[in-house]
Amino acid sequence: MPTSQFPYSSYFITFQYTHNMSDTDTPATYETIQGGGSLVVAYQIAGKKVLIVGGGNVAGQRIVSLKIADAQVIVVSPEAGLHPEVKFRIENKEVEWRDRYFIDQDVDGVDMVLTALDDHEESLRIGHLCRDKRIPVNVADVPPMCDFYFMSQHRDGPLQIAVSTNGKGPKLANMVRVAAANALPDHMGDTIEKMGKLRAKVREWEPEMKNSGKRMTWVTKVCDKWGLKGMARLNDLKTQEQEDAAFNKLKEYFIMGGVPEIDAILPSDKKPRITLIGGGPGDPELITVKAKRLLEEADLVISDRLIPSQILDLVQGELRIARKFTGKSDEAQEELMQWCLDGLKKGLHVVRLKIGDPLLFGRGGEEIIWFRERGFEPELIAGISSAFSAPMAAMIPVTFRGVSDQVIITTGRGTKGSMPDLPVYGSTQTLVVLMAVGRASELRSMLFDRQYPQDVPICWIENANCPEERIIYGSVDSMANLVEEKEIKAPAVLVVGHSISVLNNIQA
Ligand SMILES: C[S@@+](CC[C@H](N)C(=O)[O-])C[C@H]1O[C@@H](n2cnc3c(N)ncnc32)[C@H](O)[C@@H]1O
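Residues numbered from 1 in each chain as written. Predicted model: local features only at pLDDT ≥ 70, side-chain atom pairs only at ≥ 80, totals over all residues. Heavy atoms only, no water.

- An unreviewed UniProt entry lists the chain under the name precorrin-2 dehydrogenase, from Mucor ambiguus.
- Heading Pathway (unreviewed entry) of the UniProt record for the chain holds this comment: "Porphyrin-containing compound metabolism; siroheme biosynthesis; sirohydrochlorin from precorrin-2: step 1/1."
- Comment text from UniProt for the chain, heading Catalytic activity (unreviewed entry), reads "precorrin-2 + NAD(+) = sirohydrochlorin + NADH + 2 H(+)". (UniProt positions renumbered as here; feature names shortened; annotations may be inferred.)

Given below as structure tokens:
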């Protein structure tokens with residue numbers, strides 16, 4: 001059970017519906033009023049007298065809600081009807097207790113009445129008595145007799161989240177409240193304390209009343225720029241010294257009217273770090289949980305081109321995407337490695353986001369050596385390679401007993417544009433060729449050289465696992481013509497072998 005020691009005390013009750021207006025609104029944009037709600041308010045009940053009639057379990061819960069809000073609580077109930085928690089509150093002198101049944105004079109001089117009785121008739125009678133005397137009343141389990149309902153509440157220091165279903169679904173309100181609280185970064189109450197301190201500082205920096213607009217605008221900009229996750233990082237300011245240093249830096253930005261990145265004001269004992277992440281084949285749901293987390297956390301993400309925007313949207317730090325240098329991939333590679341190094345030199349966590357798996361045909365190994373030579377050991381996060389996901393997208397089991405017992409993954413374009421050395425035909429092999437589109441004709445000739453029969457099935461899978469995915473079947477003989485006829489474009493994977501026909505009814 002929570003205690004009632006919180007210094008922040010509002011008592012959530014619902015009365016009606018809220019609406020924001022701005023000066024730029026016109027009648028056409030004004031919200032259409034939907035009646036039937038409650039007024040949602042944080043009622044200041046501190047020091048006011050609240051009478052609870054009954055001493056059972058419900059009374060125990062109400063006492064907690066009321067004492068959190070610093071109300072003065074009086075419980076009327078004979079001792080026999082007291083729940084152990086209510087007894088505990090009485091013994092602890094947290095509430096006043098009248099050891100008897102309710103009498104009408106009990107409501108004299110009180111500001112609010114709550115009934116928590118099993119006796120329905122008596123509850124209704126007390127409800128009507130309060131209505132006559134214009135004392136707000138809540139009659140447990142009788143919604144029409146309630147002037148207000150209790151809201152499902154989440155408390156974390158100064159943060160209070162209250163959910164109302166207008167008396168229609170207390171359990172549902174509870175579930176919505178839990179979901180809302182779970183969506184927040186951890187220790188949001190502490191974050192609010194820090195932001196509260198920042199607001200107070202801003203008033204110190206700019207005390208003039210006439211400049212309240214400037215203060216408010218700047219604090220709003222801070223909230224917008226940092227977002228909830230950024231603001232939550234203020235909790236990293238553990239000592240008074242760290243807090244003072246951060247606020248001093250912020251003061252400089254405030255004076256200039258700017259807002260820094262949150263990292264620029266936090267203590268920077270962070271070590272530079274480089275992570276090579278496999279971005280999978282294109283579907284944002286096909287990246288690993290760890291990749292998703294690191295993309296969200298990284299200060300700087302340097303991405304390959306062609307990574308879909310839904311994956312890039314996960315990035316919360318700075319994002320830079322490799323530029324296209326037509327026919328000059330070395331220059332592009334050099335530039336993006338330099339971006340990574342610049343970030344590392346600033347002490348950032350840099351993520352190098354690569355298509356598919358970072359160590360399969362994507363210079364991942366070379367990048368590791370490059371970073372090592374400069375004193376950084378990359379961390380590696382595997383990704384789903386198109387070498388496997390593309391055949392799967394085309395329903396090709398790359399191994400299948402009696403049909404294919406080997407998978408050979410190869411590139412269609414070797415270093416400096418050289419041709420790969422393809423293996424001699426083996427009827428139980430599946431060949432998976434990446435980067436083959438521009439080389440279809442040469443690859444076809446080489447396959448014939450390697451004794452591939454011309455009717456062996458092939459499959460082109462273009463943009464596998466992306467919305468624009470295309471799957472085109474053919475034979476070794478037709479594989480190059482298909483590229484022209486169907487205008488197949490990179491990125492595409494070529495699969496060659498009899499495993500293609502196992503689950504697909506195709507005419508080679
Ligand atoms: C530089 S390689 C990178 C491979 C990557 N590391 C992997 O594991 O998938 C680029 C080639 O991967 C293949 N590729 C990557 N994503 C693909 C996709 N969504 N659909 C088809 N092929 C893809 C294409 O053959 C493309 O030319």
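**Examining the overall build of the chain**
Here is step 1 of the chain: The helix and strand tally for the chain stands at 14 helices and 20 strands.
Here is step 2 of the chain: Principal-axis analysis of the C-alpha atoms places the extent of the chain at approximately 105 × 60 × 50 Å.
Here is step 3 of the chain: Counting every position in the chain, which comprises 508 residues, the buried fraction comes to 44%.
Here is step 4 of the chain: Here the chain contributes 59 positive and 68 negative side-chain charges, whose respective centroids are spaced 4 Å apart. (Helix = DSSP H or I, 4+ residues; strand = E, 2+ residues; numbered from the N terminus. Buried < 20%, exposed > 50% of the residue type's maximum accessible area, 1.4 Å probe, protein only. Lys, Arg positive; Asp, Glu negative; His and termini not counted. Charge placed at Lys NZ, Arg CZ, Asp CG, Glu CD.)

**Details of the UniProt feature "domain: Siroheme biosynthesis protein Met8 C-terminal" (unreviewed entry) in the chain**
Here is step 1 of the chain: Sites flagged by UniProt as "domain: Siroheme biosynthesis protein Met8 C-terminal" (unreviewed entry) map to residues 185-237.
Here is step 2 of the chain: The annotated region residues 185-237 carries 74% helix and 0% strand content, and the separation between its end C-alpha atoms amounts to 16 Å.

**Section: the site of the ligand**
Here is step 1 of the chain: Around the ligand, the structure places 16 residues, and the nearest of them are Pro281, Leu360, Ser385, Ser386 and Ala492.
Here is step 2 of the chain: Between the ligand and Met435, the relevant distance is 2.9 Å, taken from an oxygen atom to a main-chain nitrogen or oxygen of the residue.
Here is step 3 of the chain: Bound to the protein, the ligand loses 88% of the 560 Å² it would expose on its own.
Here is step 4 of the chain: Tallied by class, residues from the shell around the ligand come to 11 nonpolar, four polar and one charged.
Here is step 5 of the chain: Among the domains, domain 3 (273-381) and domain 4 (387-501) are the pair contributing at least three residues each to the shell around the ligand. (Near = heavy atom within 4 Å. Polar contact = N/O pair within 3.5 Å; in protein donor to acceptor, adjacent residues only side chain to side chain. Areas by Shrake-Rupley, 256 points an atom, 1.4 Å probe, with all protein chains shown as cover. Nonpolar A, V, L, I, M, F, W, Y, C, P; charged D, E, K, R; others polar. Domains from an automatic or database assignment.)

**Overview of the packing of aromatic side chains**
Here is step 1 of the chain: Within this structure, the stated rule accounts for six aromatic pairs.
Here is step 2 of the chain: Where Trp205 meets Trp218, the ring centres are 6.3 Å apart and the plane angle is 70°; that geometry is what we call edge-to-face. You can see Trp205 sitting in helix 5 (residues 188-205) and its partner Trp218 sitting in helix 6 (residues 212-232), a full 13 residues away along the chain.
Here is step 3 of the chain: Accessibility expressed as a relative area gives 15% for Trp205, which makes it buried.
Here is step 4 of the chain: Taking 5.2 Å as the distance between ring centres and 80° as the angle between the ring planes, the aromatic pair formed by Trp218 and Phe254 counts as edge-to-face. Of this pair, Trp218 sits in helix 6 while Phe254 is found in helix 7 (residues 240-256), placing the two residues 36 residues apart along the sequence. Phe254 matches Trp218 in its accessibility class, with the two residues each being buried.
Here is step 5 of the chain: Counting every residue linked through ring pairs, the aromatic cluster contains Trp205, Trp218 and Phe254.
Here is step 6 of the chain: In this arrangement the basic side chain of Arg62 is found over the ring face of Phe150, its NZ or CZ atom lying 3.8 Å from the centre. (Phe/Tyr/Trp six-rings, centres within 6.5 Å; stacked < 30°, edge-to-face > 60°. Lys NZ or Arg CZ within 6 Å of the ring centre and 35° of its normal.)

**Some details on the packing of helix 5 against helix 6**
Here is step 1 of the chain: Packing of helix 5 against helix 6 leaves a shortest axis separation of 12 Å and a crossing angle of 155°. Between helix 5 and helix 6, the angle is such that the two are roughly antiparallel. Handedness of the crossing formed by helix 5 with helix 6: right-handed. Residues Met188, Thr191, Met195, Leu198, Arg199, Val202, Arg203 and Trp205 of helix 5 lie in contact with helix 6, whose contacting residues are Arg215, Trp218, Val219, Val222, Cys223, Leu228, Met231 and Ala232.
Here is step 2 of the chain: Of the residues contributing to the contact of helix 5 with helix 6, the split by class is 12 nonpolar, one polar and three charged. (Axes fitted to C-alpha atoms, helices over the stretch in contact; angles between N-to-C directions. Parallel < 35°, antiparallel > 145°, perpendicular 65-115°, else oblique. Left-handed = near helix turned anticlockwise from the far one by under 90°. Contact = heavy atoms within 4.5 Å.)

**Quick word on the domain arrangement of the chain**
Here is step 1 of the chain: Along its sequence, the chain is carved into domain 1 (11-22 + 30-181), domain 2 (188-264), domain 3 (273-381) and domain 4 (387-501).
Here is step 2 of the chain: Centre-to-centre separation of domain 1 and domain 2, based on C-alpha positions: 37 Å.

**Section: the environment of Lys292**
Here is step 1 of the chain: On the secondary structure map, Lys292 appears in helix 8 (residues 289-297).
Here is step 2 of the chain: Separated by 81 residues in the primary sequence, Lys292 and Asn211 have C-alpha atoms spaced 42 Å apart.
Here is step 3 of the chain: Sequence-distant contacts of Lys292, defined by excluding residues within four places in its chain, comprise Ile287 and Leu314.
Here is step 4 of the chain: Polar contacts involving the side chain of Lys292 include one to the side chain of Glu296, which spans 3.0 Å.

**Let's talk about the sheet that holds strand 3 (residues 49-53)**
Here is step 1 of the chain: The strand order across the open sheet formed by five strands is 5-4-3-6-7, and the pairing between neighbours is parallel. Bordering the open sheet on either side are strand 5 (96-98) and strand 7 (137-139), each of which pairs with just one other strand. Going from strand to strand, the sheet's axes swing by 15° on average, the running direction of each strand aside.
Here is step 2 of the chain: Pairing of strand 4 (residues 72-76) with strand 5 involves three bridges; the strand directions are parallel. Paired with Ile74 across the bridge in strand 5 is Glu96. (Pairing = 2+ DSSP bridges.)

**A word on unusual backbone geometry**
Here is step 1 of the chain: The residue after Ala490, namely Pro491, is reached through a cis peptide bond having omega 0°.
Here is step 2 of the chain: Relative to the helices and strands, Pro491 resides in the loop between helix 14 (479-485) and strand 20 (492-496).
Here is step 3 of the chain: If you check the backbone angles, Arg134 has positive phi at about 60° while not being a glycine.
Here is step 4 of the chain: By the element assignment, Arg134 lies in the loop between helix 3 (120-133) and strand 7.
Here is step 5 of the chain: Residue Arg134 is classed as exposed on the basis of its relative accessible area of 76%.
Here is step 6 of the chain: In this structure, Arg363 is a non-glycine residue whose phi angle is positive, near 60°.
Here is step 7 of the chain: Position of Arg363 among the secondary structure elements: in the loop between strand 14 (349-354) and helix 11 (364-373).

**Some points on a nonpolar patch on the surface**
Here is step 1 of the chain: Side chains of Leu172, Met175 and Val176 sit close together on the surface and give an oily, nonpolar patch of about 280 Å² of accessible area.
Here is step 2 of the chain: Within the secondary structure, Met175 is located in helix 4 (residues 170-182). (Patch = residues over 30% accessible without salt bridge, like charges linked within 9 Å, V, L, I, M, F, W, Y side chains within 5 Å. Salt bridge = Lys/Arg side-chain N within 4 Å of Asp/Glu carboxyl O.)

**Quick word on helix 11**
Here is step 1 of the chain: Listing the buried residues of helix 11 in full gives Gly364, Glu367, Ile368, Trp370 and Phe371. Summarising the axial view, the buried residues of helix 11 lie within an arc of 165°, below the 170-degree limit, and thus occupy one face. Counted as exposed and oriented over 90 degrees from the buried face of helix 11: Glu366 and Glu373.
Here is step 2 of the chain: Looking one or two residues beyond helix 11, the residue adopting positive phi is Gly375, at roughly 90°. (Arc of directions from axis to C-beta.)

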